[in-house]
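# Structural features, examined
Next come the chains, spelled out residue by residue.
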Amino acid sequence: MHQKGNSIRLLTGNAHPKLAEAVAARLGITLTPCHVSKFMSKETSVQIHQSVREEDVFIIQSPSPPDINDHLMELLVMISACKTASAKRITAVIPCYPYARQDKKDKSRAPLTAKLVANLLAVAGADHVITLDLHASQIQGFFDIPVDNLFSEPSMLSYIKAQIPDWRNAIIVSPDAGGAKRATALADQLNLDFALINRKRRRDVHSQSIPTVPPTPIGSDAGSAAGIEDDDEHNHKNDMMELLVGDVKGRVAILIDDMIDTGHTVRLAAGVLRDSGATEVYALISHGLLSEATMENLRDLPVKKLVVSNSIDQTERVAALNGQLDTIDIAPVIAESIRRTHNGESISALFKNDFF
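Treat the numbers as computed from the prediction; the structure is a model and nothing was measured.

This next bit is on the environment of Leu19. Along the chain, Leu19 turns up in helix α1 (residues 17-27). Looking at Leu19, the relative accessible area reads 1%, which means it is buried. Contact partners of Leu19, with chain neighbours within four places excluded, come to Pro95, Asn310, Ile330 and Ala331.

As a further point, take the packing of aromatic side chains. One pass over the structure, following the stated rule, counts 2 aromatic pairs. Taking 6.0 Å as the distance between ring centres and 70° as the angle between the ring planes, the aromatic pair formed by Tyr97 and Phe143 counts as edge-to-face. Linking Tyr97 in the loop between β6 (89-94) and α3 (113-124) with Phe143 in the loop between β7 (128-132) and β8 (147-150), this pair joins segments that are 46 residues apart in sequence. A relative accessible area of 5% means that Tyr97 is categorised as buried. By relative accessible area, Phe143 is classed as buried at 9%. Residues Phe151 and Phe351 carry aromatic rings whose centres are separated by 5.5 Å and whose planes lie at 80° to one another, so their mutual orientation is edge-to-face. Here the residue Phe151 occupies a position in the loop between β8 and α4 (153-163), and Phe351 occupies one in the segment after α11 (331-343), the gap between them amounting to 200 residues.

How two helices pack is summed up by the angle between their axes together with the distance between the axes. Interhelical geometry of helix α2 (residues 68-84) versus α3 gives an angle of 25° and a closest axis separation of 8 Å. Taken together, α2 and α3 sit at an angle that is classed as roughly parallel. In this structure, α2 uses Leu72, Leu75, Leu76, Ile79, Ser80 and Lys83 to contact α3, whose residues at the interface are Val117, Leu120, Leu121 and Ala124.

Parameters and conventions
Residues numbered from 1 in each chain as written. Predicted model: local features only at pLDDT ≥ 70, side-chain atom pairs only at ≥ 80, totals over all residues. Heavy atoms only, no water. Helix = DSSP H or I, 4+ residues; strand = E, 2+ residues; numbered from the N terminus. Buried < 20%, exposed > 50% of the residue type's maximum accessible area, 1.4 Å probe, protein only. Contact = heavy atoms within 4.5 Å. Phe/Tyr/Trp six-rings, centres within 6.5 Å; stacked < 30°, edge-to-face > 60°. Axes fitted to C-alpha atoms, helices over the stretch in contact; angles between N-to-C directions. Parallel < 35°, antiparallel > 145°, perpendicular 65-115°, else oblique.

What follows is the structure in structure tokens.
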């Protein structure tokens, strides 16, 4: 693939080399030889073994637990190395954007770490960023360089139609108010009904006279934006009730969310749906961080299937869970977005047509 004399150079770090290899295969190219390691002092070392001068460089790196910080540093050093090696353009392909939950100042002295990461990428030398299913779309506004936020929705649609029996009698469910927009978009595509689980503190419902603790910010599976609860919030962690808005009785419930970490939100939501008469519960999640979820906890999730994208390597978990965990391959959408970026074609058109 050539454009104005420059070709695609595809690099990857240690976060998810299998995804990079799959993307390279889809593009019909080979990965640029690159050795990413650590010195004895734990400093990151990068050696690129092929010229990238005047080339269109794409670096695929999806920071994931338990080495998110190491993977992020690898990405920054690789970008810097390509910049000083005179690459024509450098695109950071980050399927799972790190620190995305720290995107707002929801309490005193809270950091906007998602913006800090954006600044680091730009200062390192990135000219463009490609990511997938950002936790909050406004994170794109943290950048002064172009950002393309891809969607796993087409892949989820294909999975639902191919893998969920009687999906036409299903109902799409958001486990919290924060994911309502994502779930309704999918429900509209499938022409299905939509339901929502609203979480409230019991004291808010039963005793308006008692002063309430400020509610935990509504978000994805990991809870608060910073993922850290102060003592007062921790004391009231279980003082919550889940209110289901919608009728799931006698229907297959399909939970849709952007991220699963501990599995706590999915567990609560699936329990509510089963108690409300859902025949089966499937959970389709964009990013399976699963940083604190043990194999035993995953096996005990009250869902028929937990489905996550392969934005993070799930090979070991898929093998250990004997069919309870499925993955959706995002290599095709990543590869096509790289091809279109290189050739100056529209990426939004990728999601308007039935490409996948």
